[in-house]
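Here is what each chain is made of, one letter per residue.
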Amino acid sequence: MKIYTGRGDGGQTSLFSGERVGKDARRVEAYGTLDELNSLLGWGGTQTRCSEVSEILTGLQSELFEAGADLATVGSRRRVRRLDEDDWRRLESLIDELDGKLPPLRNFVLPGGSSAASVIHLARSVCRRGERLLVRLMRTEPDVNEHLLVYLNRLSDLLFVLARYENFQTGAEETPWRPKN
């Protein structure tokens, strides 16, 4: 199978369900951002020395592939699994579990610490962008999975906690944010 087809050279792309849309379509922008997020999670996985963090990131990557396939599919041709309440509830449980192992957060922290934590913080900010793009898409398209919005909201929270957990596991310092007054 060839990697290139030339069919997108005119600024159009095919959705998973076969429709042709502009590469700047809101739907493409949303699933493209999830693809970017997925790549960052992969990068974070290469940076961590903590097997628990690596396993979590790999699982999240698989779910983001499902979410991207869902966003790339419209109408009655939908044959992909949609993330649902069980998925975002599982993220809540994971947030609670990891956060329970961390020292209490007493103030905001600057993104950073270890290399892996820094990448996870970057992934968190891309996740928030994906969430904003999904909200915009939901205003114009009726068949967008409402559970995906909740999932992305929880995922960004999980990534914040996971970055802190990575720093805690590796002994990397978190830098508190100190506003200049």
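Data block above holds the structure.
Just so we're clear, the structure is a prediction, and the values are computed from it rather than from any experiment.

Description of helix α5 (residues 146-170)
The end-to-end C-alpha distance of α5, which contains 25 residues, comes to 36 Å, matching closely the 36 Å that a straight helix rising 1.5 Å per residue would cover. Two or three places before histidine 147, at the start of α5, stands the capping residue asparagine 145, its side-chain oxygen 2.9 Å from that residue's backbone nitrogen.

Description of a positive patch on the surface
On the surface, a cluster of positive charge is contributed by Arg26, Arg132, Arg136 and Arg139. Per-element tally for the positive patch: the top contributor is helix α4 (residues 115-140), with three residues. Note that arginine 26 resides in helix α1 (residues 26-47). Residue class for arginine 26 comes out partly exposed when judged on its relative accessible area of 40%.

A word on the packing of α1 against helix α2 (residues 51-71)
Contact geometry of α1 with α2 gives a least axis separation of 9 Å together with a crossing angle of 165°. Taken as axis vectors, α1 and α2 run roughly antiparallel relative to one another. Helix-helix and strand crossings are classified by hand; for α1 and α2 the assignment is left-handed. Contact residues: Arg27, Ala30, Tyr31, Leu34, Leu37, Asn38, Leu41, Gly42, Gly44 and Gly45 in α1; Ser54, Leu57, Leu60, Gln61, Leu64, Phe65, Ala67, Gly68, Asp70 and Leu71 in α2. For the contact of α1 with α2, the class distribution of residues is 11 nonpolar, seven polar and two charged.

Rules and cut-offs
Residues numbered from 1 in each chain as written. Predicted model: local features only at pLDDT ≥ 70, side-chain atom pairs only at ≥ 80, totals over all residues. Heavy atoms only, no water. Helix = DSSP H or I, 4+ residues; strand = E, 2+ residues; numbered from the N terminus. Expected span 1.5 Å × (residues − 1). Polar contact = N/O pair within 3.5 Å; in protein donor to acceptor, adjacent residues only side chain to side chain. Patch = residues over 30% accessible without salt bridge, like charges linked within 9 Å, V, L, I, M, F, W, Y side chains within 5 Å. Areas by Shrake-Rupley, 256 points an atom, 1.4 Å probe, with all protein chains shown as cover. Salt bridge = Lys/Arg side-chain N within 4 Å of Asp/Glu carboxyl O. Lys, Arg positive; Asp, Glu negative; His and termini not counted. Charge placed at Lys NZ, Arg CZ, Asp CG, Glu CD. Buried < 20%, exposed > 50% of the residue type's maximum accessible area, 1.4 Å probe, protein only. Axes fitted to C-alpha atoms, helices over the stretch in contact; angles between N-to-C directions. Parallel < 35°, antiparallel > 145°, perpendicular 65-115°, else oblique. Left-handed = near helix turned anticlockwise from the far one by under 90°. Contact = heavy atoms within 4.5 Å. Nonpolar A, V, L, I, M, F, W, Y, C, P; charged D, E, K, R; others polar.

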